[in-house]
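Topology and contacts: notes
The chain contents come next:
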Amino acid sequence: MSPTSIKQIDQIYINGEFVTPHGSEMMDLINPVTEQVVSQVRLADEIDTQRAIAAAKAAYATFSKTSKAQRIQYLQQLHDAVLARANELETVMITEYGGPVWMAHGTVACASDSFLQTIKILQEYDFVRQIGRANVVMEPLGVVGLITPWNANYGFICNKMATALAAGSTVVIKPSELSAAQTQLLTECLHDAGLPPGVFNIVTGRGDVVGAEITRHPDIAKISFTGSTLVGKTIARGAVETMKRVTLELGGKSPNVILDDADLATAIPLALTIGTLNNGQACLAGTRLLVPESRFEEVKQQLKKAVLQVKVGDPAQSDTQIGPLVTAKQYARVQGYIRQGIAEGAELLCGGEGRPEGLSSGYFVRPTVFVNVMPDMSIAREEIFGPVISVLTYKTVEDAIAMANDTVYGLHAYVSSADREKARAVASQIVAGRVFINGMYDEPGVPFGGFKQSGIGREFGTYGLEAYLEPKATIENE
Ligand code: NAD
């Protein structure tokens, strides 16, 4: 690509305006299919972050006093503005991130829909309660910092922002620096919604610069973070200095328990989809497949069959299920795990190192299934964040439950069985924020978040809204 066709992304959004960052560091963004530099982003710094926080603080004085009806109106405007450019948003996500068409479509729909979902919650939510002689008001917290990852940029920004605004907070958003082109387009949409200046500010920069400033700044009352457990811990440690509230949506190594009566012809293709969602880059992917020893041979046959059906390749083609990984670093990390799995003695059932046949460039990984995985192997314990599934066998249901819970994570879990009651009994014993039975369903308003090191707090629905509110009681004498 010639230097002139490299897109320059050199604006951030502060106080209702697109401005050139004070920060001057430039970063190349590489198309994961062509491995060519497609854009260069000028990264914001601490000064930009402080300006964004000041703008949000100034706007908070008025915005926190807005009525429910006014906030509903703003959320509707945001929804309409995002929806108006849905096709462009999808195209940029495919090019920058490598999300396949179906995934990009779902992410954009989810992003615009999050404003409508939040409107519904707001309509039903009562901010004032009477408890005895006390009047309890659920008040906004102040300025909120939203820090998001690259694996579903639009969805994370829109959902977090919708909830924070619904609560009456103003926000400073720090998206992943790897999603700069998606963020730029999304910011244009959000700007078109016509909200008052300063209500939302978007500062693209490095985590250890912009993210760290948000974490330490005394005028930030809360941080809602989605990303790795490692960075989540850093943020939590820093946030406690000024007693910021935190919502942390972190990593996972979710178990998918196939019970001995499950219909494998359905459960196994589903397990492959759940294990390789979003090119394998999903916190909620069911990457530990726990299968009964008695049906191991059948499971292997079904897995081989299912993997053959999966098309890996150009994310812009509508029949592609798995696109490339986001960066060369992510590609190298996943290849490293595949090598490590082999070195630790697991057996490759499908896939393996290198690119899928027919693809000589791009960050494409072969959908990989390991069998004979032991619970102490790193591929059974660590989040790989690529299309790699580890199959472990169990003897009894009790073993399966113990293995499912043998992890530091607790985000999602999946159970397949022909007997709903049996599945429910297993689900009730798995320590995870969400357990899906016989599938994976979209259920808006249901809390999302993890037990253990998958995070702190919940998003979505009333649970999500209340994470941005603080009860204040006024008590009077009789
Ligand atoms: P990451 O933790 O590296 O980065 C996430 C965000 O934090 C980015 O914006 C990054 O710039 C910022 N950041 C980095 N260092 C920081 C610091 N010191 N202070 C403040 N901010 C900092 O994660 P990623 O690689 O972008 O995303 C992948 C990870 O996110 C995976 O572990 C995945 O499981 C997790 N994730 C979790 C969920 C969930 O809802 N539970 C959803 C998606 C992704």
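Anything mentioned here points back to the structure above.
A brief report on the enclosed structure follows. (Residues numbered from 1 in each chain as written. Predicted model: local features only at pLDDT ≥ 70, side-chain atom pairs only at ≥ 80, totals over all residues. Heavy atoms only, no water.)

1. Notes on the nonpolar core
- Residues Leu 78, Met 161, Val 171 and Leu 190 are the most contacted members of the largest nonpolar core, which totals 53 residues.
- Considering each element in turn, this core owes the most residues, nine residues, to helix H5 (residues 153-167).
- When sequence neighbours within four positions are dropped, the list of residues in contact with Val 171 reads Ala 56, Val 144, Leu 146, Met 161, Ala 164, Leu 165, Val 199, Phe 200 and Asn 201.
- Listed in part, the 30 residues of the second largest apolar core include Leu 290, Ile 379, Val 388 and Ala 404. (Core = buried A, V, L, I, M, F, W, Y, C linked by side-chain atoms within 4.5 Å. Buried < 20%, exposed > 50% of the residue type's maximum accessible area, 1.4 Å probe, protein only. Helix = DSSP H or I, 4+ residues; strand = E, 2+ residues; numbered from the N terminus. Contact = heavy atoms within 4.5 Å.)

2. Concerning the sheet that holds strand S21 (residues 469-475)
- In space, the three strands of this open sheet follow the order S6-S7-S21, with antiparallel pairing throughout. At either margin of the open sheet sits one strand with a lone partner, and together these are strand S6 (128-131) and S21. Recorded for the sheet is a direction-independent mean angle of 30° between the axes of neighbouring strands.
- By the bridge criterion, seven bridges tie strand S7 (residues 134-140) to S21 in an arrangement that is antiparallel. Directly across from Val 137, in S21, lies its bridge partner Lys 472. (Pairing = 2+ DSSP bridges. Axes fitted to C-alpha atoms, helices over the stretch in contact; angles between N-to-C directions.)

3. Remarks on the layout of surface pockets
- Estimates place the volume of the second largest pocket at around 1200 Å³.
- Considering the residues around the second largest pocket, the lining is formed by 36 residues, among which Gly 106, Cys 110, Leu 284, Asp 442 and Phe 460 are closest to the centre.
- Broken down by secondary-structure element, the contributors of at least two residues to the lining of the second largest pocket are helix H4 (101-124), H5, strand S19 (434-437) and helix H15 (461-466).
- When residues of the lining of the second largest pocket are assigned to their parent elements, the largest contribution, eleven residues, is made by H4.
- Counted by class, the lining of the second largest pocket contains 19 nonpolar, twelve polar and five charged residues. (1 Å grid on protein atoms, 1.4 Å probe; cavity = no way out; pocket = protein on both sides within 12 Å on 5 of 7 lines; lining within 4 Å. Points joined across faces, edges and corners; volume = space filled by probe spheres on them. Nonpolar A, V, L, I, M, F, W, Y, C, P; charged D, E, K, R; others polar.)

4. Remarks on the packing of aromatic side chains
- Considering all chains together, one arrives at ten aromatic pairs under this definition.
- Their ring planes at 20° and their centres at 5.1 Å tell us that Tyr 13 and Phe 200 sit as a pair that is stacked. Here Tyr 13 is found in strand S2 (residues 12-14), whereas its partner Phe 200 is found in strand S10 (residues 200-202), with 187 residues between them in sequence. Take Tyr 13 and Phe 200: they sit in the same class, and that class is buried.
- One cation-aromatic arrangement involves Arg 71 over Phe 127; the distance from NZ or CZ to the ring centre is 6.0 Å.
- If you follow Lys 222 out to its NZ or CZ, it ends over the ring of Tyr 468, 4.7 Å from the centre. (Phe/Tyr/Trp six-rings, centres within 6.5 Å; stacked < 30°, edge-to-face > 60°. Lys NZ or Arg CZ within 6 Å of the ring centre and 35° of its normal.)

5. Topic: the site of the ligand
- Surrounding the ligand, one finds 27 residues, the nearest of these being Thr 148, Lys 174, Ser 228, Leu 250 and Glu 383.
- Gly 227 is positioned such that a nitrogen or oxygen atom in its backbone is 3.3 Å from an oxygen atom of the ligand.
- Measuring from an oxygen atom of the ligand, one finds a side-chain N or O atom of Ser 228 at 2.6 Å.
- Computed on the free molecule, the ligand has an accessible area of 840 Å², of which 87% lies beneath the protein chains in the complex.
- For the shell around the ligand, the secondary-structure elements that each account for two or more residues are helix H7 (207-216), strand S11 (220-226) and helix H8 (229-239).
- Split into classes, the residues belonging to the shell around the ligand amount to 14 nonpolar, nine polar and four charged. (Near = heavy atom within 4 Å. Polar contact = N/O pair within 3.5 Å; in protein donor to acceptor, adjacent residues only side chain to side chain. Areas by Shrake-Rupley, 256 points an atom, 1.4 Å probe, with all protein chains shown as cover.)

6. Here's the deal with the environment of Phe 460
- Along the chain, Phe 460 falls in the loop between strand S20 (455-456) and H15.
- For Phe 460, a relative accessible area of 31% gives the class partly exposed.
- Along the backbone, Phe 460 and Asn 438 are 22 residues apart, and their C-alpha atoms lie at a distance of 22 Å.
- Beyond its immediate chain neighbours, meaning those up to four positions away, Phe 460 contacts Asn 159, Arg 434, Gly 445, Val 446, Pro 447 and Phe 448.

7. Focus: the sheet that holds strand S14 (residues 288-292)
- The sheet built from seven strands is open, its strands ordered S15-S16-S17-S14-S13-S18-S19 with mixed pairing. Both outer strands of the open sheet, strand S15 (347-350) and S19, are each paired with one neighbouring strand and no more. Direction aside, neighbouring strands of the sheet carry axes that sit 25° apart on average.
- Relative to strand S18 (residues 412-416), strand S13 (residues 255-258) runs parallel, the two being bridged by three bridges. Note that in S18 the partner of Val 257 across the bridge is Val 415.
- Across the face of the sheet, helix H11 (residues 328-343) comes into contact with S15, strand S16 (368-371) and strand S17 (388-394) while running at roughly 25° to S16.

8. A few points about empty space enclosed by the protein
- The final tally for this structure, using the stated rule, is six cavities of 30 Å³ or more.
- Of the pockets and cavities examined, the largest cavity occupies roughly 90 Å³.
- Mapped onto the lining of the largest cavity, the elements with two or more residues apiece are S2 and helix H6 (180-192).
- Residue contributions to the lining of the largest cavity peak at four residues, all from H6.
- Of the residues that constitute the lining of the largest cavity, the class distribution is seven nonpolar, five polar and no charged.
- Put simply, the second largest cavity is a space of about 70 Å³.
- Around the second largest cavity, the lining residues are Gly 252, Lys 253, Gly 280, Ala 282, Cys 283, Ala 285, Thr 287, Glu 383, Ile 384, Phe 385, Gly 386 and Val 388.
- Of the residues assigned to the lining of the second largest cavity, the class counts are six nonpolar, four polar and two charged.

9. Description of unusual backbone geometry
- A positive phi is found at Asn 15, a non-glycine position, where the angle reads about 55°.
- Within the secondary structure, Asn 15 sits in the loop between S2 and strand S3 (17-19).
- The exposure class of Asn 15 is partly exposed, given its relative accessible area of 38%.
- In the Ramachandran plot, Asn 278 falls in the positive-phi region, its phi being about 55° despite a non-glycine side chain.
- Assignment of secondary structure puts Asn 278 in the loop between helix H9 (264-275) and S14.
- Note on Asn 278: relative accessible area 5%, which makes it buried.

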